[in-house]
Amino acid sequence: MLKEILSIAGKPGLQRLISNASNAIIVESLIDGKRFPAYSNSKIIALEDISIYTENEDMPLKEVFKRIYDKENGKPAINHKESQEKITAYFNEIVPEYDKERVYISDIRKIIQWYNLLVSRGILNFEQEQETEKPVEAQ
């Protein structure tokens, strides 16, 4: 689900991987649907490879999204432009064990912004994913 969703430094929002070219990848913006090449010298990271610092071990971004999804029943979260106090209080409800020293307000805002973008595009659907991940019982 998050393997093909990319964050590219200097580009707003998120992009979906469309295809590979010889010296670049072709991506499509989730904001406006425009396609463009992203070159290897750009800082590109798949959301699947992102995690946040917690007091114990790092938590994959997918788990953070799942917690927000469960709290909001699959609906959008609060606006990422809310006050710092509201944002941190909200995130503390979602991930109470996050490392308050190393996870900055800008990181939290970005996570909420990404979550809302993915939900609005119908990309985050944990119910559908659970159905496809159920093991098939042998007869």
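It should be emphasised that the depicted structure is a prediction, and the values quoted were computed from it without experimental measurement.

Student: Go over the overall build of the chain, please, and point to the residues and values.
Tutor: For the chain, the helix and strand inventory stands at 4 helices and 7 strands. Traced from its N-terminal end to its C-terminal end, the chain shows the element sequence β-β-β-β-β-β-β-α-α-α-α. Dimensions of the chain along its principal axes, counting C-alpha atoms only, are 50 × 45 × 30 Å. In the chain, which comprises 139 residues, the proportion classed as buried is 36%.

Student: Lay out the sheet that holds strand 5 (residues 44-46) with the relevant residues and their values.
Tutor: Taken in spatial order, the 5 strands of this open sheet run 4-3-2-1-5, and their pairing is antiparallel. The open sheet has two edge strands with one neighbour each: strand 4 (35-39) and strand 5. Taking each pair of neighbouring strands and ignoring which way they run, the sheet shows an average axis angle of 45 degrees. Across 3 bridges, the pairing between strand 1 (residues 5-8) and strand 5 is antiparallel. The residue bridging Ile8 from the neighbouring strand is Ile44, located in strand 5.

Student: Could you give an account of the environment of Lys86, with specific residues and numbers?
Tutor: Here Lys86 is to be found in helix 2 (residues 84-94). Considered as a pair, Lys86 and Val27 are 59 residues apart in the sequence and their alpha carbons are 33 Å apart.

Student: An account of the pattern of salt bridges is requested, with residue identities and associated values reported.
Tutor: Two side chains that carry opposite charge are able to pair once their charged atoms sit near each other. Inspection of every chain in the model, using the stated rule, returns 7 salt bridges. A salt bridge links Glu63 to Arg67; the shortest N-O distance between them is 3.3 Å. One end of the pair is Glu63 and the other is Arg67, both in helix 1 (residues 61-71) and 4 residues apart, which spans about a single turn. Close ionic contact of Lys71 with Glu93 constitutes a salt bridge, the shortest N to O distance being 3.1 Å. On the criterion of sequence distance, the pair formed by Lys71 in helix 1 and Glu93 in helix 2 is long-range, its members being 22 residues apart. By relative accessible area, which is 38% here, Lys71 ends up partly exposed. For Glu93, a relative accessible area of 53% puts it in the exposed group. Bridged by salt links that share partners, the residues Glu63, Arg67 and Glu97 form one connected network.

Student: Lay out the UniProt feature "domain: DUF6852" (unreviewed entry) in the chain in plain terms, naming residues and giving numbers.
Tutor: UniProt feature "domain: DUF6852" (unreviewed entry): in the numbering of this structure it lies at residues 50-118. Spanning residues 50-118, this segment combines 52% helix with 6% strand, and its end C-alpha atoms are found 15 Å apart.

Student: Please give an account of the packing of aromatic side chains that cites residues and values.
Tutor: Taken as a whole and assessed by the stated rule, the structure comprises 2 aromatic pairs. Judged by centre distance (6.1 Å) and plane angle (50 degrees), the ring pair of Phe65 and Tyr115 falls under tilted. A residue pair is termed long-range when its members are at least 10 positions apart, and Phe65 in helix 1 and Tyr115 in helix 3 (residues 105-120) qualify at 50 residues. When the ring centre of Phe36 is taken as origin, the NZ or CZ atom of Lys11, which lies over that ring, is 5.0 Å away.

Student: Report on helix 2, specifying residues and quantitative values.
Tutor: When helix 2 is considered as a whole, its buried residues turn out to be Ile87, Tyr90, Phe91 and Ile94. Buried positions in helix 2, seen along its axis, are confined to an arc of 95 degrees and lie on one side of it. The outward face of helix 2, more than 90 degrees from its buried face, is lined by the exposed residues Glu85 and Glu93. Those residues of helix 2 that are buried are in contact with strand 6 (51-52), helix 1 and helix 3.

Cut-offs and rules
- Residues numbered from 1 in each chain as written.
- Predicted model: local features only at pLDDT ≥ 70, side-chain atom pairs only at ≥ 80, totals over all residues.
- Heavy atoms only, no water.
- Helix = DSSP H or I, 4+ residues; strand = E, 2+ residues; numbered from the N terminus.
- Buried < 20%, exposed > 50% of the residue type's maximum accessible area, 1.4 Å probe, protein only.
- Pairing = 2+ DSSP bridges.
- Axes fitted to C-alpha atoms, helices over the stretch in contact; angles between N-to-C directions.
- Salt bridge = Lys/Arg side-chain N within 4 Å of Asp/Glu carboxyl O.
- UniProt positions renumbered as here; feature names shortened; annotations may be inferred.
- Phe/Tyr/Trp six-rings, centres within 6.5 Å; stacked < 30°, edge-to-face > 60°.
- Lys NZ or Arg CZ within 6 Å of the ring centre and 35° of its normal.
- Arc of directions from axis to C-beta.
- Contact = heavy atoms within 4.5 Å.

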